[in-house]
Amino acid sequence: MFYHQKNTCYETHTRMVVGTNCIEQLPEEIKACGGEKILIVSDPNVSKTEFYANCIDYVKKSGCPYLVWNEAEEEAPLRNVDTVCGILLKNACNLMIAVGGGSVIDICKLAGVLATNGGKGPDWAGYEKYSIPPMTLFTIPTTAGTSAEVTNMAVVHDEEKNVKFTVGHRILGAAKVTFLDGNSIESCPRGQIACCGIDALSHSFESYIALNANPITEALSLSGVRLISRNLRAVYGNIDGQEIRKMFPQVNRFTVDGAEVLIKHIGGYPGKYDPSVIGSLMARPPKLFISGHSHILKVKYDKTLDMLHINPGAAGMSGFHKVRTMVRFVIDNGTFKDLEVIELAG
């Protein structure tokens, strides 16, 4: 990126409190912002977790009276925004704490705008349409990747018109404080944790190649990729450079939930395994062998080795393949199930 060829800037209007157990600073932050009466917003699933209970405990330590509303729905429906706004006004709250994913946070963002500016959600659709600061908002995200906890806009679903709209403001639209506590995700089901990781990885790549990237966002993006990559099971391929080869091995053998897995980029397929891996397969067959290189999607069971072989095809843009594909499945107590082939656009 030739930054000298353009002007760039980076700013954030959200105070970020980061670290394991960082929610213990809630009482201090509530006091600092002048919290007098608090509305805590979450969803039915998050509100059942131990992490949520811990958040409530720390709010209690602040000494401020509080209310809870744990009925937030997916996709941030406009009716939820109206409900939250009504609770805020009826109970004279001056601080919201959103504990949940992007939908919970976006519901609170727009509810805060309506509570101080009046009107209906669609009245403020667009960018910088309102001028009165929204009600103070703290965010405690329980997912990763969307960055709703620090962005300056809310995306809400108007179900009557079946459209989504955005309400944003460069300075006023962001949360006052966010708490990035790793314990929030650890309390989630494994599948959701995995999805959070992939979401965060995708957004790290996305921000790195964005047209508005700058030296600070690029550094943060690369740091995110490196951190998340530590938790990925991967191998390097024949065209990968030295940076990737330093991060991942050529052959990776590991066990997941009772199933031993072997991955190698150039590996062949049942009846025609590559010479570089056939000895390892014969000496100690894994339950699952994953290879690539051919760009040809193939899932086949090897009866001789009692082993499942998967070649997910190719998800990248380069190559002779006409359809970009990937494979998703579940490993449950040594058993493979719910396998599906996903075709990517483009």
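Note: the structure precedes this text.
Owing to the predicted nature of the structure, the values given are computational and were not obtained by experimental measurement. (Residues numbered from 1 in each chain as written. Predicted model: local features only at pLDDT ≥ 70, side-chain atom pairs only at ≥ 80, totals over all residues. Heavy atoms only, no water.)

Quick word on helix α3 (residues 78-90)
Okay, step 1: The end-to-end C-alpha separation of α3 is 18 Å, in line with the 18 Å expected for 13 residues at 1.5 Å each.
Okay, step 2: All of the buried residues in α3 are Leu78, Asn80, Val81, Val84, Cys85, Ile87 and Leu88.
Okay, step 3: Positive backbone phi, approximately 55 degrees, marks Ala92, located one or two places after α3. (Helix = DSSP H or I, 4+ residues; strand = E, 2+ residues; numbered from the N terminus. Expected span 1.5 Å × (residues − 1). Buried < 20%, exposed > 50% of the residue type's maximum accessible area, 1.4 Å probe, protein only.)

Concerning the sheet that holds strand β9 (residues 177-180)
Okay, step 1: Taking strand neighbours across the sheet as the criterion, the 6 strands line up as β1-β9-β6-β4-β2-β3 in an open arrangement whose pairing is parallel. With one partner strand each, in any of the chains shown, β1 (15-18) and β3 (66-69) form the two edges of the open sheet. Each neighbouring strand pair of the sheet contributes to a mean axis angle of 15 degrees, computed without reference to strand direction.
Okay, step 2: Strand direction decides the pairing type here: strand β2 (residues 38-41) and strand β4 (residues 95-100), joined by 4 bridges, are parallel. The residue of β4 that forms the bridge with Ile38 is Leu95.
Okay, step 3: Contacting β2, β3 and β4, α3 crosses the sheet at an angle of about 165 degrees to β3. (Pairing = 2+ DSSP bridges. Axes fitted to C-alpha atoms, helices over the stretch in contact; angles between N-to-C directions. Contact = heavy atoms within 4.5 Å.)

Considerations on the sheet that holds strand β7 (residues 153-158)
Okay, step 1: The 3 strands are arranged β5-β8-β7 in an open sheet whose pairing can be described as mixed. Two strands bound the open sheet, and with one partner strand each, they are β5 (126-127) and β7.
Okay, step 2: With 2 bridges joining them, β5 and strand β8 (residues 163-168) adopt parallel strand pairing. Each residue of the ladder has a partner; that of Gly126, found in β8, is Val167.
Okay, step 3: Docked against the sheet, helix α4 (residues 102-117) engages β7 and β8, running at close to 95 degrees with respect to β7.

Notes on the packing of aromatic side chains
Okay, step 1: Counted according to the given criterion, the structure contains 4 aromatic pairs.
Okay, step 2: With centroids separated by 6.5 Å and ring planes inclined at 90 degrees, the aromatic side chains of Trp124 and Tyr130 adopt a geometry described as edge-to-face. Both residues of the pair, Trp124 and Tyr130, count as buried.
Okay, step 3: Ring centres 6.0 Å apart and planes at 65 degrees place the aromatic pair Tyr273 and Phe289 in the edge-to-face group. Taken together, the residues span a long stretch of sequence, with Tyr273 in strand β13 (residues 272-273) and Phe289 in strand β14 (residues 288-290) at a distance of 16 residues. A single burial state applies to Tyr273 and to Phe289, both of which are buried.
Okay, step 4: Across from the ring centre of Tyr269, 3.8 Å away, lies the NZ or CZ of Lys298, which sits over that ring. (Phe/Tyr/Trp six-rings, centres within 6.5 Å; stacked < 30°, edge-to-face > 60°. Lys NZ or Arg CZ within 6 Å of the ring centre and 35° of its normal.)

Quick look at unusual backbone geometry
A negative phi angle is the norm for most residues apart from glycine, just as the trans form is the norm for most peptide bonds.
Okay, step 1: The backbone of Asn21 shows a phi angle near 70 degrees, a positive value even though the residue is not glycine.
Okay, step 2: With respect to the helices and strands, Asn21 occurs in the loop between β1 and α1 (26-32).
Okay, step 3: For Asn162, which is not glycine, the phi torsion reads 55 degrees and is therefore positive.

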